[in-house]
Amino acid sequence: MEEIERQTRDYLRALYGLGTPSVEILPVQNLPAVLAFARLQRWIVEGPDGGHGLSPLGVKEIADNAQTS
């Protein structure tokens, strides 16, 4: 579980321009597991069109994590 949690944080940071560039990180991620974990933690929400966005909790998570990285 720790690996998926790390991958999820890396994925979210990459999407928002923090940390490793997304072109390097996205091809190696297990995207279904990452999205499921992010939903479970309530770090992302799904829009009516099926897209994803960060929840306020997700913003806080990647902001807090970016400061400690």
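Here's a quick rundown of the structure. Note that the coordinates shown come from a computational prediction; the quantities given were computed from them, not determined experimentally.

**A word on the environment of alanine 38**
As for its placement among the helices and strands, alanine 38 is situated in helix H3 (residues 31-40). In this structure the C-alpha to C-alpha distance between alanine 38 and valine 59, which are 21 residues apart in sequence, comes to 12 Å. Alanine 38 has contacts with Thr8, Trp43 and Ile44, leaving out every residue within four places of it along the chain.

**With respect to the nonpolar core**
Among the nonpolar cores identified, the biggest contains eleven residues, and these are Ile4, Tyr11, Leu12, Val34, Leu35, Phe37, Ala38, Trp43, Ile44, Leu54 and Ile62. The element contributing the most residues to this core is H3, with four residues.

**A closer look at helix H1 (residues 2-15)**
Compared with an ideal rise of 1.5 Å per residue, which puts 14 residues at 20 Å, H1 spans 20 Å between its outermost C-alpha atoms and is within 8% of the ideal. For H1, the set of buried residues is Ile4, Gln7, Thr8, Arg9, Asp10, Tyr11, Leu12, Arg13 and Ala14. Looking one or two residues past H1, glycine 17 carries a phi angle of roughly 75°, positive in sign.

**A few points about the packing of aromatic side chains**
Counted under the stated rule, the structure contains one aromatic pair. Taking 5.7 Å as the distance between ring centres and 80° as the angle between the ring planes, the aromatic pair formed by phenylalanine 37 and tryptophan 43 counts as edge-to-face. Taken as a pair, phenylalanine 37 and tryptophan 43 share a single burial class, namely buried.

**Points about the packing of H1 against H3**
Relative to each other, H1 and H3 sit at 90°, their axes nearing to 9 Å. With respect to their mutual orientation, H1 and H3 come out roughly perpendicular. Packed against H1, whose contacting residues are Ile4, Glu5, Gln7, Thr8 and Tyr11, the element H3 presents Leu31, Ala33, Val34, Leu35, Phe37 and Ala38 at the interface. Here the residues of the contact of H1 with H3 are counted per class, giving eight nonpolar, two polar and one charged.

What counts and what doesn't
- Throughout this description, residue numbers start from 1 for each chain and increase along the sequence as written.
- Where totals are concerned, whole chains, interfaces and linings use all residues; where local detail is concerned, this predicted model gives features only for residues with pLDDT of at least 70, and gives and counts side-chain atom pairs only at 80 or more.
- Note that the side-chain values use all heavy atoms of the structure and ignore hydrogens as well as water.
- Strands are runs of DSSP state E lasting at least 2 residues, helices are runs of H or I lasting at least 4, and numbering of each runs from the N terminus.
- Whether two residues are in contact is decided by their heavy atoms, any of which lying within 4.5 Å being enough.
- Buried residues of nine kinds, namely Ala, Val, Leu, Ile, Met, Phe, Trp, Tyr and Cys, make up a nonpolar core once their side-chain atoms join them within 4.5 Å.
- Per-residue accessibility, obtained with a 1.4 Å probe over protein chains only, is compared with the maximum for each type, and a residue is labelled buried under 20%, exposed over 50%, and partly exposed between these values.
- To estimate how far a helix should reach, multiply one less than its number of residues by 1.5 Å.
- Each Phe, Tyr or Trp ring, with Trp reduced to its six-membered ring, pairs with another whose centre is within 6.5 Å; inter-plane angles below 30 degrees give stacked pairs, above 60 give edge-to-face pairs, and intermediate values give tilted ones.
- Angles shown run from 0 to 180 degrees and are taken between the N-to-C directions of axes, each axis being a line fitted to C-alpha atoms and, for helices, limited to the stretch in contact.
- Each angle gets one of four labels, with under 35 degrees taken as roughly parallel, over 145 as roughly antiparallel, 65 to 115 as roughly perpendicular, and the rest as oblique.
- Classes in brief: Ala, Val, Leu, Ile, Met, Phe, Trp, Tyr, Cys and Pro nonpolar; Asp, Glu, Lys and Arg charged; the others, Gly included, polar.

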